[in-house]
Amino acid sequence: MNWLLSFVLAIISSMLVDNVVLSRFYGICPFLGVSRKVNSSLGMGLAVVFVIIFSSIICWPLYQLLDLAGIKFMDTVAYILVIASLVQLVGLIIKKYSPSLYKSLGIYLPLITTNCAVLGVAQSNTDQGLSFLDSLGNAIGTSVGFLAVIVIFSCIRVRLESANTPKAFKGLPIALITAAIMAMAFMGLQGLFSGIGA
Amino acid sequence: MEILWAILVLLGLGLLLGLGLAIATKFFYVKEDERIEEVAKRLPNYNCGSCGYAGCKAMAEAIISGKEENLKKCKPGKEEANFKPIMEYLEEHPNADGSKVKVHL
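Remember, predicted model here, so these are calculated numbers, not experimental data.

Let's talk about the overall build of chain A
Per the secondary structure count, chain A includes nine helices and zero strands. Along chain A, helices and strands appear, N-terminal first, in the series α-α-α-α-α-α-α-α-α. Taking 16 Å as the expected radius of gyration for a compact globule of 198 residues, we find that chain A reaches 18 Å, a close match to that expectation. Projected onto the principal axes, the alpha-carbon positions of chain A cover approximately 60 × 45 × 30 Å.

Right under this line is the structure:
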């Protein structure tokens, strides 16, 4: 049962306590760029979930292979190769099944390749020497955390559109302030696991 | 020796992923009406957007799907150079069910 507990803890802690966007400031580009509509932010979040989970599933054995060949220093290059191919695949799938989503994601879809959240997860998983299950938990938690935060943020932004904000703060400035307040709110979850001792 | 391994591993990885993508492209191929491409070719291709669509490709899509019948919406288009060829082409290439794509000037 121990492995199950650490798996679940890895998911929750990387989702809430160590949220990529709000506490490590990864993936800010799509976070601000695609959060104007709830639908497209949901699509973006799901695409990122897919890419992060599959890239960490592929990258973990890949790292063991690189370790075996004695070329650990090539890890970042190899990860980027894997991530870029996965993003291409996601692009193909979305183009086939939802052309309207494909249009609304626009340039941000290929830009998942350079989304530092994706590379950051793969890199930190192997750098910390996590087991396969823990790195999978980390990937699920991180990506679902990204999805949750970008959807919450887009809901807030939709309401901000019609809110009576001062003219100088319309659009991006008030969005940045909102993001800062959200980051502070998530800081409150920091002590979530102190009772369990994790 | 390390360099050799690095090249080999990355080459293999690239080959594997490339092959996977090639198969995926076949699998997720989006079949597009080739008439869209043909109509877009006969439009002026300034992509000026004065027709109200996002570009010549978008207008061609609207024409083929029957949403747009008025070719004159295309402001820079010339009757001889653009509209006549499009009408001739659509005359020769009806929809799958045999009906004609309706367009007028």
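Comments concerning the nonpolar core
Core analysis: the biggest nonpolar cluster contains 49 residues, and A47, V48, V51, I83, V118 and F146 of chain A have the highest contact counts within it. Of all the elements in the fold, those that place two or more residues in this core are α1 (2–17), α2 (20–23), α4 (38–69), α5 (75–97), α7 (116–127), α8 (132–162) and α9 (172–187) of chain A. Considering each element in turn, this core owes the most residues, ten residues, to α4 of chain A. V51 of chain A has contacts with I83, L86, V87, V90, I112 and V118 of chain A, leaving out every residue within four places of it along the chain. In this structure, A40, C51, C56 and L71 of chain B belong to the second largest nonpolar core, which totals 13 residues.

As for the interface of chain A and chain B
Each side of the interface is counted separately: chain A has 17 residues, and chain B has 14 residues. For the side of chain A that touches chain B, the elements supplying multiple residues, two or more each, are α4 and α5 of chain A. The element contributing the most residues to the side of chain A that touches chain B is α5 of chain A, with eleven residues. Taken together, the residues that form the side of chain A that touches chain B break down as twelve nonpolar, three polar and two charged.

Regarding the packing of α1 of chain A against α8 of chain A
When two helices pack together, their arrangement is captured by the angle between the axes and the distance separating the axes. All names here are of chain A. Contact pair α1 / α8: the axes reach a minimum separation of 7 Å and the direction vectors enclose 30°. The orientation of α1 relative to α8 falls into the category roughly parallel. For the element pair α1 and α8, the recorded crossing hand is right-handed. Packed against α1, whose contacting residues are W3, S6, F7, A10, I11, I12, S13, S14, M15 and L16, the element α8 presents L133, D134, G137, N138, I140, G141, T142, V144 and G145 at the interface.

Details of the packing of α7 of chain A against α8 of chain A
Residue and element names in this part refer to chain A. The N-to-C vectors of α7 and α8 enclose an angle of 160°; their axes lie 10 Å apart at closest approach. Classed by the angle they form, the pair α7 and α8 counts as roughly antiparallel. When the axes of α7 and α8 are compared, the crossing they make is right-handed. Residues A117, V121 and N125 of α7 lie in contact with α8, whose contacting residues are S135, N138, A139, T142 and F146. Taken together, the residues of the contact of α7 with α8 break down into four nonpolar, four polar and no charged.

Here's the deal with α5 of chain A
Here α5 of chain A contains 23 residues, and its C-alpha end-to-end distance of 33 Å stays within 8% of the 33 Å for a straight helix at 1.5 Å per residue. Along α5 of chain A, the residues that are buried comprise A78, Y79, V82, I83, S85, L86, V87, L89, V90 and I94 of chain A. On the buried face of α5 of chain A, the contacting elements are α4, α6 (99–105) and α7 of chain A together with α1 (2–27) of chain B.

Conventions we followed
Residues numbered from 1 in each chain as written. Chains lettered and ligands numbered in written order. Predicted model: local features only at pLDDT ≥ 70, side-chain atom pairs only at ≥ 80, totals over all residues. Helix = DSSP H or I, 4+ residues; strand = E, 2+ residues; numbered from the N terminus. Rg over C-alpha atoms; globule rule 2.2 N^0.38 Å. Core = buried A, V, L, I, M, F, W, Y, C linked by C-beta atoms within 7 Å. Buried ≥ 20, exposed ≤ 12 C-beta atoms within 10 Å, placed from the backbone. Contact = placed C-beta atoms within 7 Å. Nonpolar A, V, L, I, M, F, W, Y, C, P; charged D, E, K, R; others polar. Axes fitted to C-alpha atoms, helices over the stretch in contact; angles between N-to-C directions. Parallel < 35°, antiparallel > 145°, perpendicular 65-115°, else oblique. Left-handed = near helix turned anticlockwise from the far one by under 90°. Expected span 1.5 Å × (residues − 1).

Without other data, these values stay purely geometric and don't point to any function.
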